[in-house]
Structure formats: structure tokens, C-alpha cells
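# Structural description and commentary
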Amino acid sequence: MSYQALYRKFRPNTFDEVKGQDHIVTTLKNQINAERIGHAFLFCGTRGTGKTSVAKILARAVNCENPQDGSPCGECETCKTSAGGSAPNIIEMDAASNNGVDDVRQIIEEIQYSPTVGKYTVYIIDEVHMLSGPAFNALLKTLEEPPAYVIFILATTEPHKIPVTILSRCQRYDFKRISIETIVDRLEELMDKEGISVDDKALRYIAKVADGSMRDALSLLDQCIAFYADQELTYEKVLEVLGAVDQEVFSRLTRSIIQGDVASSMKILDEVVIKGRELSQFVNDFIWYLRNLMLVKGSEDAMEVIDAPLERIEALKQEAEMVDNETVMRYIRVLSETAAQIKYSDQKRVLLEIALIKLNTPAMESDYESIVNRISVLENKIESGNIKVDAAPVRRANAEVVTNGNPVPEVTEDNPKEEPAEEPAQEEEVDKAVPEDVQYVADNWNMILNHMSPLEKAKFKRISLAVKGEDTLLIVFDADDIMYDNCNTIEMMEMINAIIRDQVKKDVQIEMTQMKPNQNDNYFQMITSKINLEVEEEDF
């Protein structure tokens, strides 16, 4: 006899064998026991959750001569006939390949005749959302008032595609994703029956990868057993067959990214590629790992919110102390974008390498999360002392060079450090600005930004500019901009004044304020439409 796949061999034959759908099973058993059976059912839910299996059990139960607690007895002639798949009164139809109006008309013609075996003729229409519009219309009247001996069971993974007129005529049952614990218990039970030794950790990983689908779990387990025939199935062997990666690899990769170590990240990815791991699955598993990291960071009792062994949770707690939530959310966003691209790409490794470089180098992006990530990296370097500070004095635009409070001469190739300069540079006298000069500065604000550091540029990303009075440039922040307090300092205004004097040769006064959108002020006129604030991002 040819081999039969596990999901076919152990398909439930009674309601008691259906796992994870107690809310549906109990309702259907009560209907059969009370003989209050509906005429149309709609089974909805993701793949592998038991829709078709429950439909077949229900079809056999309503025709069983001696049902046991609502389930088919399996002993009567009707049950034996239907168990072999040859029952003339249980008709299965795949709407994916039989979706035309003619297929529905054939059903309408057939139901005119009462069943020759059993009490009911049961039509199971799988993937019913694939029916065409005319086919749904043809089914509508029959579905509303079928003969007393006809029952329709419709199954679908996409109930939103079914017309409301069909939905309103059916009893709807939503099948839930099956929990990891329920899947593991079922797999252990079946492996005991098969006499196969499987590691508990391996079964738990298979259940997790199955994503709530019992059929997927059985198919994955079947695949692993076939590869390691007559051997104990361990966690490492499951990883090998499924092309998956151990959580320890994600831990090392996460720590290298937090530290901004591109070389280490590329080395870890190279190890993954050499072992033949599937990169699409690798990205999805890494996203899940970061999700767990975010939950550990935001939850006091991590054991209740994530499914992981104690030693892994302890490692996650350590990593949670090294990074903030905004940065983790940025990691997840970048990897989610990569997952969508890598699925159909021929250059999966290149795309993943680009993503890892982005994660390690937040300066490549200018969004809020990336700026927060960059600031966090700088703070970590300062705290650890792993940051190089140039001992040479710093000169801002046309300002005096100061060391320990005393002016010192500028060091150049013609004036080396060993030779004292004759005199410190004198500040050039400039004229007081007029409104036209202030307007010019506002219109050419990018010119001023280009003389600031990348971090200083980022602070002025969401501002508007206005001319106030005769000689004042008003810098307006949104009312909720957190950068206002950081920028509205004497040091920042003096720096901007120095840059303007150096570039425009005019003395323009600077004033900063906050205001709500569309708020009017009699002292100035907004000119935001003339401003193009393109902040150039650099690594710092």
C-alpha cells in the first residue's frame, strides 16, 4: 500500500478529534443532538484549521443512523459508505475550478431529487469565494429556500469576497488559528502512535512555524521525518531540513547591529548563507525575534507574552537594556520592507546585505526613528568612552577660535601649530540687515544649513521661516516639535548669526518661537511655500 501523508492519515473522523475549535464543535454537536440543524453553513478561517474536516464530519453526522454525542458512529451502513468517500448524498465541489453559473445550475437541477441514501443531501463547496458573480446570483434563491433534505456547507479563507446576500443566509462559523500548545500536544500524540522519537523542542519549533495551521504542522513534520528516516528527530535536524536559523544567531546579529558593527553583521549573514538557510524565512524569523525583544522591553512578565525558553528570555532582557523601543521599531520596519522585496528577487543576499547596512547605519535615513537611533548610538559611545574627540580647537563660521577661554590663532599649513601666529583673526564688520536681506536668508535657508553639522540640520527639519520687523529672521517650530527647546538657546542663535554674517555679510537677528498650524501673527508674514528644507544626512 502506498504511503499516506500524516495530515491525510490522521484527519479527524469525529468532532472529539477536532483540535482547537471547541466553540464550533460544541455548537454543531448541540444542533445534531437537538435535531435543530440549519440548512446553510459558512465555515471561515485561515488554511489548515479544520474547515473541510469539520464539514465532512457534519455531513456524515447528519446522515448517521445512530450518532454518538453528535458525532457519526462509524458503524452504521451510511457511515461506512461515507467513510470511503463514495457516499452519493455527500457531494464536494471545488469552487476554484468549478466557479461558473453552469456549475451552480447543475446543483440546482440535482437537488430536485431526494437522496436515495441517508436523510440529507449535503453539498460542500470549498473556496466558495471563487464563484463568479452570476454563479452567486444563481445560488442565491436556492440557498435561501432549499428543499428540506438539502444542506449547504460553504468553506472559504476569504469571507470578505462573498456577497452580503449570501452571508446573510448562512450560519457563519469562524475557525481560529490553533495555538502552539494545542498543535504540540496533537503532534506528540500522533508520534506516539507512529512510534517515532521526536524532541519536544523540535515539535514546538514546527508548531511555531506552522502559524496556527494543524495541516501545515503535520506537513512540516512529515518532511522532517522523511529526511531523517529511522533517526531521532532533534531541534537541530529540524532547523537543517526547514532551512531555519537558531535563535542564538539572531541574538548575535541583534547585538552587532546595536553596536553598529557592519563587519560582524556581514560575517553572521555569511555563516547563514553557507549553511544553506532560506533567506526569506531568515528575514521573517528575525522580525519575529525583534518582536519578542520589543515585547520583553515593554512587559514586566515576559513569560506570559512570548513563547520562548527561559534562557532565551534572559538574553532578550539583556538586549532590551541596550536599545530603545523606537530603534527596535525601526529595525522591524526596515526588515518588513526587505521581506516584501526579497520574496520575488533573484538577488536575495544583496537585498538583505543592504538592509543590514541600513540597520547598522541610521545616518542613511532621515526619519524620526533613525534620528533617535543615531542619538542613542552616540550616547552609548560616549558612556562607554568609545568615541574619538578631536583635541584641536573648533571654529564655527567666522567666530574666534577659543581654548580654555582664550583666543588662539588658527592652525593652517602656512601657519603650523609650532609657530605662534602674529594676531588672532579679527571679526569682519558687517552692515545691519534690511528686510530684503532677511528675505534673502529665508529664501536661501539651505545655504545656512549646509554649514551646520548633520545633527544640527536634523533639528531644523520641520521649521517655517518668516520676516519680522526690519532685521529679524523668525524661526517657527510646530507647537508639538520637541526640538524647539533644544534649539532655542543663546549658543544656537549665535552660531546661526555667525554663519549668516559669513555668508551674507549682513547682521541678521534670530528669534525662535512655536505656533500651531494656521495660527496668524500680526508681526510677520509666513513664507513657507518658498522654503525647501532638504536636510543632507551624513554619518557622524
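Residues numbered from 1 in each chain as written. Predicted model: local features only at pLDDT ≥ 70, side-chain atom pairs only at ≥ 80, totals over all residues. Heavy atoms only, no water.

Turning our eyes to something else, we now look at the nonpolar core. Residues Phe282, Val283, Phe286 and Leu290 are the most contacted members of the largest nonpolar core, which totals 34 residues. Secondary structure elements with two or more residues in this core: helix H12 (247–258), helix H13 (262–274), helix H14 (279–298), helix H16 (310–320), helix H17 (325–342) and helix H18 (348–360). Among the elements that make up this core, the one with the highest residue count is H14 (nine residues). Apart from the residues lying within four places of it in its own chain, the contact partners of Phe282 are Val245, Phe250, Leu253, Val272 and Leu352. Ranked by size, the runner-up nonpolar core spans 30 residues in total, among them Val184, Met191, Ala210 and Leu218. (Core = buried A, V, L, I, M, F, W, Y, C linked by side-chain atoms within 4.5 Å. Buried < 20%, exposed > 50% of the residue type's maximum accessible area, 1.4 Å probe, protein only. Helix = DSSP H or I, 4+ residues; strand = E, 2+ residues; numbered from the N terminus. Contact = heavy atoms within 4.5 Å.)

All right, on to helix H10 (residues 214–227) then. The first and last C-alpha atoms of H10 sit 20 Å apart over 14 residues, in line with the 20 Å expected at 1.5 Å per residue. Taken together, the buried positions of H10 are occupied by Met214, Asp216, Ala217, Leu218, Leu220, Leu221, Asp222, Cys224 and Ile225. Turning to H10, the residues buried within the fold contact helix H1 (6–9), helix H8 (180–194), helix H9 (200–210) and helix H11 (235–242). (Expected span 1.5 Å × (residues − 1).)

In summary, the side chains of a regular strand alternate between the two faces of the sheet. Note that strand E2 (residues 90–94) and strand E3 (residues 121–126) share five bridges and pair parallel. Within the sheet, the bridge partner assigned to Ile91 lies in E3 and is Tyr123. With respect to chirality, the unit in which E2 leads through helix H5 (residues 101–110) into the neighbouring parallel E3 is right-handed. (Pairing = 2+ DSSP bridges. Right-handed = clockwise from strand over helix to strand, strands pointing away.)

Attention now moves to the pattern of salt bridges. Summed over the entire model, instances satisfying the criterion amount to 23 salt bridges. The partner of Glu181 in a salt bridge is Arg204, and the shortest N-O contact between them spans 3.9 Å. Residue Glu181 is found in helix H8, and its partner Arg204 is found in helix H9; the two are separated by 23 residues along the sequence. Between Glu240 and Arg277 there is a salt bridge, with its nearest N and O atoms 3.5 Å apart. In this pair, Glu240 sits in helix H11 while Arg277 sits in the loop between H13 and H14, placing the two residues 37 residues apart along the sequence. It is possible to trace a salt-bridge network through shared partners that takes in Asp16, Lys29 and Asp69. (Salt bridge = Lys/Arg side-chain N within 4 Å of Asp/Glu carboxyl O.)

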